[in-house]
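Here is what each chain is made of, one letter per residue.
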Amino acid sequence: MAQSPPSVRQRKPQETPVEAPEPELRKVRKPGKKLDDEDAYSPYLDIFRVLTFLFLASCGLSYLVSGGETWSWGMKNPPKYLQTTWWKSQLRGPLYLTPTELAEFDGTDETKPLYLAINGTIYDVSANRRTYGPGGSYHFFAGCDASRAYVTGCFAEDRTVDMRGVEEMYLPLDDPEVDAHWSREELEQMRVAELESAHRRVHEALKHWVDFFSKSTKYQRVGYVKLPEGWLEHSPMRKLCDHAAKGRVKRKIPQKEGET
């Protein structure tokens, strides 16, 4: 019986070994190169950049704060928070001065600040001594609360906070010949409306000046006037000054139909 030829084993093909990648060669800095780079760097360039940035930022902030007035903080009337007097008043707290104490700050003593008051509030007006100091056009207002004078215009006579009777300057004069054109009831109703209107005009006139000082960036609020209790009851009623009285006129006679 014939035997089958022996099977021949096949060799596995030898795998070609994969060579590991050669490590990258590091760049070798020549001796002295690092020293050359460090010598080339100068901190003055960074300092110049920082100073340039601060300068431009300061100019821009000055322009915004001043409302376009200046680029270099040279404001005539800087905001209150940029004034040392404002910070001092905030740290010190408000002053409470009697009329006698307030009179000591009328500008005659140049070592003291210059104060005036309106509607019970005291303001430091030292920044404008030419106007409120001795010889100034508004020196009458210095060292006192002359609220009445702000409305009547009688600077010398009405240097007081007493506002009683000021509304008369806005009331029409009574005249029998003119008033005869209305009945008694009509005249009474007119007088009530006229008095209300007069009180409103006094309030608006005083408020105009109160707002002027309270909103001013030039004058600082420093305190309040301290009046004795019941002072108004013990003060005589003031007469309306001549300047204010001259502005009063008679009522206008109502026109009839067809009249021009």
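Here the structure is a predicted model, which is why all the values come from computation and not from measurement. (Residues numbered from 1 in each chain as written. Predicted model: local features only at pLDDT ≥ 70, side-chain atom pairs only at ≥ 80, totals over all residues. Heavy atoms only, no water.)

Of all hydrophobic cores here, the largest spans 23 residues; its most connected members are Leu116, Val125, Tyr132 and Phe213. The set of elements that each furnish at least two residues to this core consists of β2 (115-118), α6 (147-152) and α8 (184-214). In this view, valine 125 contacts Leu114, Tyr115, Leu116, Tyr132, Phe213 and Tyr219; residues no more than four positions away in its chain are not counted. (Core = buried A, V, L, I, M, F, W, Y, C linked by side-chain atoms within 4.5 Å. Buried < 20%, exposed > 50% of the residue type's maximum accessible area, 1.4 Å probe, protein only. Helix = DSSP H or I, 4+ residues; strand = E, 2+ residues; numbered from the N terminus. Contact = heavy atoms within 4.5 Å.)

With that settled, the discussion passes to the state of the cysteines. Across all of its chains, the model carries 1 disulfide by this definition. Note that cysteine 154 is cross-linked by a disulfide to cysteine 241, the S-S spacing being 1.9 Å. Taking the sign of the torsion about the S-S bond as the criterion, the disulfide between cysteine 154 and cysteine 241, at about 75°, is right-handed. Residue cysteine 154 is located in the loop between α6 and α7 (176-179), and its partner cysteine 241 is located in the loop between β4 (220-225) and α9 (242-245); the two are separated by 87 residues in the primary sequence. Residue cysteine 154 is classed as buried on the basis of its relative accessible area, which comes to 3%. Taking the relative accessible area as the measure of exposure, cysteine 241 reaches 7% and is therefore buried. (Disulfide = S-S within 2.5 Å.)

Attention shifts here to the pattern of salt bridges. Here the structure, examined in full by the defined rule, presents 12 salt bridges. Of the charged contacts, one joins aspartate 158 and arginine 148 as a salt bridge, the two residues approaching to 3.5 Å between their closest N and O atoms. In this pair, aspartate 158 is assigned in the loop between α6 and α7 and arginine 148 in helix α6, connecting sequence segments 10 residues apart. The exposure class assigned to aspartate 158 is buried, which follows from its relative accessible area of 2%. Because the salt bridges share partners, they merge into one network encompassing Asp174, Asp179, Glu188, Arg191, Glu194 and Arg251. (Salt bridge = Lys/Arg side-chain N within 4 Å of Asp/Glu carboxyl O.)

Between its first and last C-alpha atoms α8 spans 45 Å; for 31 residues at 1.5 Å apiece the expected length is 45 Å, and the two agree. Along α8, the residues that are buried comprise Leu187, Glu194, Ala198, Val202, Leu206 and Phe213. Looking at the buried positions of α8, the neighbouring elements they touch are β2, β3 (121-124), α5 (129-132), α6 and α7. (Expected span 1.5 Å × (residues − 1).)

Counting all residues, the mean pLDDT for the protein is 84, and 75% of those residues have values of 70 or more. Of all the helices and strands in the protein, helix α1 (residues 33-40) carries the lowest mean pLDDT, 56, while β2 carries the highest, 98. (pLDDT = per-residue confidence, 0-100.)

The subject of this paragraph is unusual backbone geometry. What is expected of a backbone is that most residues other than glycine have negative phi and most peptide bonds are trans. Despite not being glycine, asparagine 119 has its phi angle at roughly 55°, a positive value. On the basis of relative accessibility, which here comes to 47%, the residue asparagine 119 falls in the partly exposed class.

On to the sheet that holds β2. Spatially, β1-β4-β3-β2 is the arrangement adopted by the 4 strands of the open sheet, whose pairing is mixed. In this open sheet, the two strands that pair with only one neighbour each are β1 (95-97) and β2. For this sheet, the mean inter-axis angle between neighbouring strands, taken without regard to orientation, is 35°. Relative to β4, β3 runs antiparallel, the two sharing 4 bridges. By the bridge assignment for β4, isoleucine 122 is matched with glycine 223. Sitting on the sheet, α8 is in contact with β2 and β3, with an inclination near 140° to β2. (Pairing = 2+ DSSP bridges. Axes fitted to C-alpha atoms, helices over the stretch in contact; angles between N-to-C directions.)

Applying the stated criterion to the full structure yields 16 aromatic pairs. Relative to tyrosine 115, the ring of phenylalanine 105 lies with its centre 4.7 Å away and its plane at 25°, an arrangement referred to as stacked. Taken together, the residues phenylalanine 105 in the loop between α4 (99-102) and β2 and tyrosine 115 in strand β2 connect sequence positions 10 residues apart. Like tyrosine 115, phenylalanine 105 is buried. Chaining the aromatic ring pairs together yields one cluster made of Tyr123, Tyr132, Tyr138, Phe140, Phe141, Tyr150, Phe155, Trp209, Phe212, Phe213 and Tyr219. The ring centre of phenylalanine 105 lies 5.6 Å from the NZ or CZ of lysine 112, which sits over that ring. (Phe/Tyr/Trp six-rings, centres within 6.5 Å; stacked < 30°, edge-to-face > 60°. Lys NZ or Arg CZ within 6 Å of the ring centre and 35° of its normal.)

Let us look at the environment of lysine 112. Turning to its location among the elements, lysine 112 is positioned in the loop between α4 and β2. For lysine 112, a relative accessible area of 26% corresponds to the partly exposed category. Once residues lying within four places of it in the same chain are set aside, the contact partners of lysine 112 are Glu104, Phe105 and Arg129.

A few words now on the pairing of β2. Within a regular strand, the side chains alternate between the two sheet faces. On β2, burial covers both faces: Tyr115 and Ala117 on one face and Leu116 and Ile118 on the other are all buried. Here β2 runs beside β3; their pairing, made up of 4 bridges, is antiparallel. Bridging from a neighbouring strand, leucine 116 pairs with tyrosine 123 of β3. The loop that links β2 with its antiparallel partner β3 comprises 2 residues; one of these, asparagine 119, has a positive phi angle of about 55°.

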